[in-house]
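The chain contents come next:
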Protein chains: 2
Amino acid sequence: MNTGTHIGNMKSSGRAVLTDPEAKKILREYGLPMVEETVAKDFEELLIQASAFRYPVVLKAHGTKLTHKTEKGLVRLSLRNEEDLQEAAKQIAASAGSDLEGYLVQPMLSGRREFIMGFVRDTQFGPVVMFGLGGILTEALNDITFRIAPFDESTAEDMINEIRSASLLAKFRGEDEADRKQIIQALVGLARFGVENPEVVEADINPLLVGPDGHVTAVDALVVLGHSRNVVSASGNLGFLDAMLSPKSLAVVGAKRPSSEKKWSDLTSCIVRLGYKGRFYPINPEASEIDGIQAYPDLTSLPEPVDLVIVSVPAPQVPAVLRDCVSSGNKNVHIFTAGFKETGGEEGLKLQRQIEEIAESGGLRVIGPNCMGIFNPKVRIATWAPASMEVGPVAFISQSGGFATDLTRYAGQFGIHFSKVISYGNALTLDSTDFLEYLGRDDETKLIILYLEGVKDGAKLLSLVKEIRDKKPILLMKGGLTASGARTVSSHTGALAGGEHAWNAFFRQTGTIKVTSIEEMTDVTLALLNLPPPQGGRVGVIGTGGGIGVEAADTITRAGLELPALTEGTKRKLAEFIPQAGNFITNPVDAGILFSQLGMMERTLRVLASDPMLDLLVVSIHIDWFYNADQGAQIEKLASYLAGPGREQASGKPFVVSLRRYQTDSGVKHSEEAARQILLKAGIPVYKGLQRTAFALAKMVDYYRFRGGIR
Amino acid sequence: MNTGTHIGNMKSSGRAVLTDPEAKKILREYGLPMVEETVAKDFEELLIQASAFRYPVVLKAHGTKLTHKTEKGLVRLSLRNEEDLQEAAKQIAASAGSDLEGYLVQPMLSGRREFIMGFVRDTQFGPVVMFGLGGILTEALNDITFRIAPFDESTAEDMINEIRSASLLAKFRGEDEADRKQIIQALVGLARFGVENPEVVEADINPLLVGPDGHVTAVDALVVLGHSRNVVSASGNLGFLDAMLSPKSLAVVGAKRPSSEKKWSDLTSCIVRLGYKGRFYPINPEASEIDGIQAYPDLTSLPEPVDLVIVSVPAPQVPAVLRDCVSSGNKNVHIFTAGFKETGGEEGLKLQRQIEEIAESGGLRVIGPNCMGIFNPKVRIATWAPASMEVGPVAFISQSGGFATDLTRYAGQFGIHFSKVISYGNALTLDSTDFLEYLGRDDETKLIILYLEGVKDGAKLLSLVKEIRDKKPILLMKGGLTASGARTVSSHTGALAGGEHAWNAFFRQTGTIKVTSIEEMTDVTLALLNLPPPQGGRVGVIGTGGGIGVEAADTITRAGLELPALTEGTKRKLAEFIPQAGNFITNPVDAGILFSQLGMMERTLRVLASDPMLDLLVVSIHIDWFYNADQGAQIEKLASYLAGPGREQASGKPFVVSLRRYQTDSGVKHSEEAARQILLKAGIPVYKGLQRTAFALAKMVDYYRFRGGIR
């Protein structure tokens, strides 16, 4: 089967839309349940064929120039017999005029349940397949879902279950259950059709009709041809990244003598003061030394080719430096400088084209331009001052330099440290997918965070993430609400797609964890690094009750977790030692007394930990209340207890602490910070408030659910 | 028209559901476009009536015991002539058996557009009316909206416009635009029907059919009768609240000698140490003085009846104290003590019933039990230590004591101060509506915040809020996801209602500002107190670009505000003084240089302020970046500039500052705090991060939009 060529031929003949029979024929080959249809080239042939028909039938005009047939009266339904048929054919011939090339006949199908499927070709991801409710309500209700092609049966099944109107597929008002296998096969086939036929930019199956007997038929099809960008990434030989990300030698072109006041604010001084472990060559034609280190006038005068050249000269000088890189055999480059295509200005675009050409022809591997580059604490290379130079298990691939500095400065206070951080800006030659592929295999990296505004090869991103995610959780913040989506309008699918649909499909089908801020990146990472996998999403809370307990329940439920009622058994066990008055043996367990009597807290934790109906435990501490009672002594005692024996009581069940504080005097802040440090040091995640707690736990549960094996 | 009595009679005859003709007759009287229908009591009468029919018709079985008629084959559609009719009647008679009381005949209506309307009687709000998409997809798609009855035409119109499938009401696939007036009239009539007939607990109009000519017909109706709680609040004479909330004399029953370590943690010491301005009588039979103030053994020994008695003795002693209140003529009581119905335990429920009886028979006005009571800085009464005793324009009515303490401690740091705060707990006699009514008229109160878990008289809450909201913004945090909603299931409406629907309707139809945390209360209040009303929701941002700019755009858009592109004119004006390299003349204006050259910042602010396409201005400052450059000197300079000349440049346009900080060392924190204080003192709202900024501005815009007169 070589439909790609087939379609290619048709396209070269100048048509932008396949005719009905052409579209149906091809889609049938891909396993779609297209309606039977006969083409009669004229009135006589139609009458001859008529004897074989089972009435009622539908008659349509056939012709490559005929569009919007329904509106033009070129479709006639429910023709009951030969007489009806003849009359309809006459009227169609009159309406169509000289564009008529023949007639299409198909059985008149009945069925109240209409669906739609289709795909659009997204500029980043390629074919993005849609499934949803069809019929008169398609646009109004927008009850649709998307997945990036290719995908398998189980993904197709997820799509079917995801729409709100999925209930129509069950036995429904006297009609049989729909044949889901047919729909699944159609979706998988449509995805394959999109992947194998790059000339097709949009396709619609509308309606996909479920008959009273549950049989599924695709009644109509639209296939739109056009030009599409076909991105194929460079080969996967990424060995050079060993040297680039962990350079043993390093040159900085445009190295400056640090001014005394701005000690940490420039690149060169960061490299020197953070104690870069390799051989460092500052390059500055106007200095013989920088900070006591011998300087060189240019790359060609270096004693050796280096593992990484950092370019930090004004944008107009960058092309010359890149030419030097090529001529001196320095292939690994990080361009720090901004002022290229990101400016949107003519000058910047011109410079970007220039450096792109030099890099390509010279075989340069470029991180940047317009980015912070690399932070690798193991070799002590950083172009900014992070919170800590400690080596940790987290990698961050960030299109934004601001986020790279922000996250490395913020996460440190939670004990989160990094293996490698790469800020790669305009992605001249190296893109997020290159770094992701490398870090997926990097033994030092256990969890990967991404900040992306776009990606060149979405299909590669998809397959990499699928490969990596079960071993290493992947968090993604996607910047730019409207960056994606091919804005076509000739199909329903095209009109319904766009915006965040393709990226939402990406999140759904890969189990990538969606975050939208530095705080969320940190909170979820803290949970994933420190907690064992939970058995499910049912949360038991020990904490303050009343309104605050109600808020806890609302917050946890809204985050997508459950706050189940305690079982009678658990309640009985708690009632053995928790006095009734002023305490509530419910979930949240509201027991101020627990916090002042650590023995009770211990017993409560043990009871909840042994309750098989609870999967996660949260201890919620109202810092102000404890502080006001005794100026914080009790808070630290409680934190120490939780960090030690408390942790034991939880006996392996994931367990976090949520702190509530609204007083702002320094005493209470200090007290909170002391408790935080005690807990974090023991590897117990601590969150500010229940909203952040619930979000982090919900994302963790989602991650493990996607991997499978938990409730 | 006395349908209430009519329905009452039918109910007393033992039926729980009105018959078709009964339901239709009553609803027709309320202006609903019920289908014409004839009842024939037997086969002969049917045949006699038949001569008057216009075919095709629908025939249904009639009988009080007949339900689920479609499923039982008791409805026959599309009967084309007398023959069809006779045949159908025979079959129906056979299927219905002895339950058949007659036949219903109605015209066979055509129309592809089906809607549903109905109401359920909510325990708090009374009739909550639903409108939405009908037909086979009603439950699957849940495309519905709710409003609390009674309401007027404009609210009904909002309902119609709010559902996703509203587009079906326009000209649609060859069918005429629906007669919206008929639908509006039907909704308003249905609401009135609910209000005037308390015996009706649920009603459904399903389907409400829109014909090809746009004419609207209610084809079927279900009216369910039952018992409903009819709350009518006590009269509105709330003069006693003057004394209760601003007491000139005060007794505390159960006053304790403060222990030295816990100076502020008990009620008596708060009252003494915060400097209560009235006459204070501690009551404790075992002490002759408390903290140097003469103590009394009981209420009856006081030299005068007091404006307020605070009861702070263990729960089992409370009934006796209340009896003392009655006998000593002390009618205004705040019961601090917990341990009543909120425990859920038998003992607590029993005590609650006891005190309820004493309060009712003795005419006591009770705040509580189980609450913190009153904070009124003007008379310096507080039972907890708030952040400040300064008098301000904000009132807080909180069912939760925890929230009352949290908010008063938190908001002070933003310069937000209070007129009155009332924590009222279990609402024994006084409920939120009493306090709201009072504060609506209180000249010292300009903005009201509510935390509610429930309300006794929802209709009163609704009408009070409508009356107050245009003069004083009202913020509401509703605790308890599932507290509301009558969980009935005999109608579609009942099955679709419940959960948060009634409360969401409340928010939509009153313009009450929905918040979900102490932080959100504070952030929105800060904007509303300090900013002039904006002209619309279009935001101009001056701040950091790159990924952080992308995040700003995403965040502002997700919050429901607009971030429009700058006009060419504005761009030209900015380009006159902002150099291209490294800056972006777009929205957000990314111009690091602006922050270091205040003259440029000044010109930029002036340009954006004079752009009529921007309604709100945000200056977003990345604290870390400035701090690292010069250890904070520039940050304070910038804050001082914004607080003075910058504010002038904004020339009356609402303008806020958003701070981004991820470094955690004390120097940078101190620098941020200094900037914050400078700005807040000048009345410029300052927020931590763009998410909080965008939320506060969006809620402010929503508020003024609801009041009308802005875009």
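Figured I'd write up the structure that's included with this text.

Right, let's talk about the overall build of chain A for a bit. The helix and strand inventory of chain A stands at 25 helices and 28 strands. Referenced to the eigenvectors of the C-alpha coordinate spread, the extents of chain A come out at roughly 95 × 80 × 35 Å. For chain A, with 711 residues in total, the buried portion stands at 59%. Long-range pairs, those at least 24 residues apart, make up 73% of the contacts in chain A with a sequence separation of at least 6. Accessible surface, chain A: about 27,300 Å² in total, of which carbon and sulfur atoms supply 51%. Averaging the coordinates of the 76 positive side-chain charges in chain A and doing the same for the 83 negative ones gives two points 4 Å apart.

The next point concerns the relation of the copies chain A and chain B. Mapping chain A onto chain B leaves a residual RMSD of 0.2 Å; the transformation is a rotation of 180 degrees accompanied by 0.1 Å of translation along its axis. A rotation of that kind, with that shift, is consistent with a two-fold axis. The rotation axis passes nearest to the C-alpha of A:Leu141 in chain A, at a distance of 4.1 Å.

With that settled, the discussion passes to the pattern of salt bridges. Residues and elements named next belong to chain A. A full pass over the atoms with the stated rule returns 60 salt bridges over all chains. Taking the shortest distance from any N to any O, the salt bridge between Arg-508 and Glu-162 comes out at 3.1 Å. Of the two residues, Arg-508 is situated in helix α16 (residues 501-510) and Glu-162 in helix α6 (residues 153-162); the sequence distance between them amounts to 346 residues. With a closest N to O distance of 3.5 Å, Lys-171 and Asp-176 form a salt bridge. Each member of the salt-bridge network shares a partner with another, and the members are Lys-378, Lys-420, Asp-442 and Glu-444.

Glancing now at the pairing of strand β10 (residues 221-225) of chain A. All names here are of chain A. For β10, the tally of buried residues reaches four of five residues, placing the bulk of the element in the interior. As defined by bridge partners, strand β8 (residues 200-210) adjoins β10 across five bridges and the pair is classed as antiparallel. Along β10, the bridge assignment pairs Asp-204 with Leu-222.

For soluble globular proteins, the rule of thumb is that nonpolar side chains tend to be buried together. Membership of the largest hydrophobic core comes to 92 residues, with the highest contact counts inside it found for B:Phe396, B:Leu528, B:Leu574, B:Ile621, B:Leu642, B:Phe655 and B:Val657. The element best represented in this core is helix α25 (residues 690-707) of chain B, accounting for nine residues. Once residues lying within four places of it in the same chain are set aside, the contact partners of B:Val657 are B:Val619, B:Ile621, B:Leu642, B:Leu679, B:Ile684, B:Pro685, B:Val686 and B:Tyr687. Within the second largest apolar cluster, 91 residues are counted, among which are A:Leu274, A:Ile518, A:Ala643 and A:Tyr687.

Let us look at the packing of aromatic side chains. All names here are of chain A. This structure, assessed with the given rule, holds 28 aromatic pairs over all chains. Centre to centre, the rings of Tyr-30 and Phe-193 are 5.2 Å apart; their planes meet at 65 degrees, and the pair counts as edge-to-face. Pair noted here: Tyr-30 is in the loop between α2 (20-29) and β1 (38-40) and Phe-193 is in helix α7 (residues 180-196), with a separation of 163 residues, a long-range link. Accessibility classification places Tyr-30 together with Phe-193 in one group, the buried group. Put simply, the rings of Phe-125, Trp-503, Phe-506 and Phe-507 pair up and form one aromatic cluster.

In this section: the interface of chain A and chain B. Each side of the interface is counted separately: chain A has 59 residues, and chain B has 59 residues. When the two sides are added together, the surface that chain A and chain B hide from each other amounts to roughly 4,900 Å², 56% of it contributed by carbon and sulfur. It is A:Ile136, A:Arg409 and A:Tyr662 in chain A that bury the most area against chain B; as a group they hold 15% of the surface buried on that side. Where chain A meets chain B, there are two salt bridges. For B:Arg660, the salt bridge identified is with A:Asp406, shortest N-O distance 2.8 Å. Put simply, chain A and chain B have ten residue pairs in polar contact (both at pLDDT 80 or more) between them. For the side of chain A that touches chain B, the secondary-structure elements that each account for two or more residues are α5 (138-141), α12 (401-411), β22 (474-478), α17 (518-530), α18 (546-558) and α22 (623-630) of chain A. The element contributing the most residues to the side of chain A that touches chain B is α18(A), with eight residues. Grouping the constituent residues of the side of chain A that touches chain B by class yields 19 nonpolar, 22 polar and 18 charged.

This brings us to the pairing of strand β4 (residues 102-107) of chain B. All names here are of chain B. With five of six residues buried, β4 is to be regarded as a mostly interior element. Where strand β1 (residues 38-40) and β4 come together, three bridges link them in antiparallel fashion. Bridge pairing in β4 places Ala-40 opposite Tyr-103. Bridge count for strand β2 (residues 57-62) against β4 is six bridges, and the pairing is antiparallel. Each residue of the ladder has a partner; that of Val-58, found in β4, is Gln-106.

All names here are of chain A. Taken in spatial order, the six strands make up an open sheet running β18-β20-β19-β21-β22-β23, and their pairing is mixed. The open sheet terminates on both sides in strands that have one partner only, identified here as β18 (373-375) and β23 (513-514). Of the strand pairs in this sheet, strand β19 (residues 391-398) and strand β20 (residues 418-423) are connected by six bridges, and their pairing is parallel. Across the sheet, residue Phe-396 finds its bridge partner in β20, namely Val-421. Sheet strands in contact with α12 are β18, β19, β20, β21 (447-452) and β22, and its direction is about 160 degrees off that of β20.

On to a negative patch on the surface. Residues and elements named next belong to chain A. Judged by side-chain charge, Asp-152, Glu-153, Glu-157 and Asp-158 come together as a negatively charged surface patch. Summarising the element assignment, Asp-158 is placed in helix α6. Under the relative-accessibility criterion, Asp-158 is labelled partly exposed at 40%.

Residue and element names in this part refer to chain A. Secondary-structure assignment places Lys-699 in helix α25 (residues 690-707). Judged by relative accessible area, which is 18%, Lys-699 ranks as buried. Along the sequence, Lys-699 and Thr-525 sit 174 residues apart, while their C-alpha atoms lie 9.8 Å from each other. For Lys-699, the contacting residues outside a window of four places in its chain are Ile-513, Lys-514 and Val-524.

We now examine the state of the cysteines. Taken as a whole and assessed by the stated rule, the structure comprises zero disulfides over all chains. You can see A:Cys371 has no disulfide; the closest cysteine sulfur is in A:Cys325, sitting 14 Å from it.

All names here are of chain B. The end-to-end C-alpha distance of helix α17 (residues 518-530), which contains 13 residues, comes to 18 Å, matching closely the 18 Å that a straight helix rising 1.5 Å per residue would cover. For α17, the buried fraction is high: ten of the 13 residues fall into the buried class. Of all the residues in α17, the buried ones are Ile-518, Glu-520, Met-521, Thr-522, Asp-523, Val-524, Thr-525, Leu-526, Ala-527 and Leu-528.

Residue and element names in this part refer to chain A. Its place among the elements puts Thr-145 in strand β7 (residues 144-148). Looking at Thr-145, the relative accessible area reads 2%, which means it is buried. Here the side chain of Thr-145 touches Glu-162 through a polar contact of 2.5 Å, side chain to side chain. Side chain to side chain, Thr-145 and Arg-508 meet in a polar contact 3.5 Å long.

Let us look at the side chain of B:Arg660. Looking at where B:Arg660 falls in the secondary structure, it is placed in strand β27 (residues 655-660). Residue classification places B:Arg660 among the buried residues on the basis of a relative accessible area of 12%. A polar contact of 3.1 Å, which involves the side chain of B:Arg660, links it to the side chain of B:Glu551. Here B:Arg660 is in contact with A:Phe403, A:Asp406, A:Ile518, B:Ile548, B:Glu551, B:Ile621, B:His622, B:Ile623 and B:Asp624, once residues within four sequence places are set aside.

The subject of this paragraph is the environment of B:Glu202. Mapped onto the elements of the fold, B:Glu202 is located in strand β8 (residues 200-210). Since its relative accessible area comes to 1%, B:Glu202 is described here as buried.

This brings us to the environment of B:Val333. All names here are of chain B. Of note, Val-333 is situated in strand β16 (residues 332-335). For the pair Val-333 and Arg-54, spaced 279 residues apart in sequence, the C-alpha separation works out to 71 Å. In this structure, Val-333 is in contact with Met-244, Leu-308, Val-309, Val-311, Leu-322, Cys-325, Leu-364, Arg-365, Val-366 and Ile-367, ignoring residues within four places of it in sequence.

Scoring rules and cut-offs
- Residues numbered from 1 in each chain as written.
- Chains lettered and ligands numbered in written order.
- Predicted model: local features only at pLDDT ≥ 70, side-chain atom pairs only at ≥ 80, totals over all residues.
- Heavy atoms only, no water.
- Helix = DSSP H or I, 4+ residues; strand = E, 2+ residues; numbered from the N terminus.
- Buried < 20%, exposed > 50% of the residue type's maximum accessible area, 1.4 Å probe, protein only.
- Contact = heavy atoms within 4.5 Å.
- Areas by Shrake-Rupley, 256 points an atom, 1.4 Å probe, with all protein chains shown as cover.
- Lys, Arg positive; Asp, Glu negative; His and termini not counted.
- Charge placed at Lys NZ, Arg CZ, Asp CG, Glu CD.
- Least-squares fit on C-alpha atoms with pLDDT ≥ 70 in both.
- Salt bridge = Lys/Arg side-chain N within 4 Å of Asp/Glu carboxyl O.
- Pairing = 2+ DSSP bridges.
- Core = buried A, V, L, I, M, F, W, Y, C linked by side-chain atoms within 4.5 Å.
- Phe/Tyr/Trp six-rings, centres within 6.5 Å; stacked < 30°, edge-to-face > 60°.
- Buried area = accessible area lost by both parts, 1.4 Å probe.
- Polar contact = N/O pair within 3.5 Å; in protein donor to acceptor, adjacent residues only side chain to side chain.
- Nonpolar A, V, L, I, M, F, W, Y, C, P; charged D, E, K, R; others polar.
- Axes fitted to C-alpha atoms, helices over the stretch in contact; angles between N-to-C directions.
- Patch = residues over 30% accessible without salt bridge, like charges linked within 9 Å, V, L, I, M, F, W, Y side chains within 5 Å.
- Disulfide = S-S within 2.5 Å.
- Expected span 1.5 Å × (residues − 1).

These results come straight from atomic positions and should not be treated as a statement about function.
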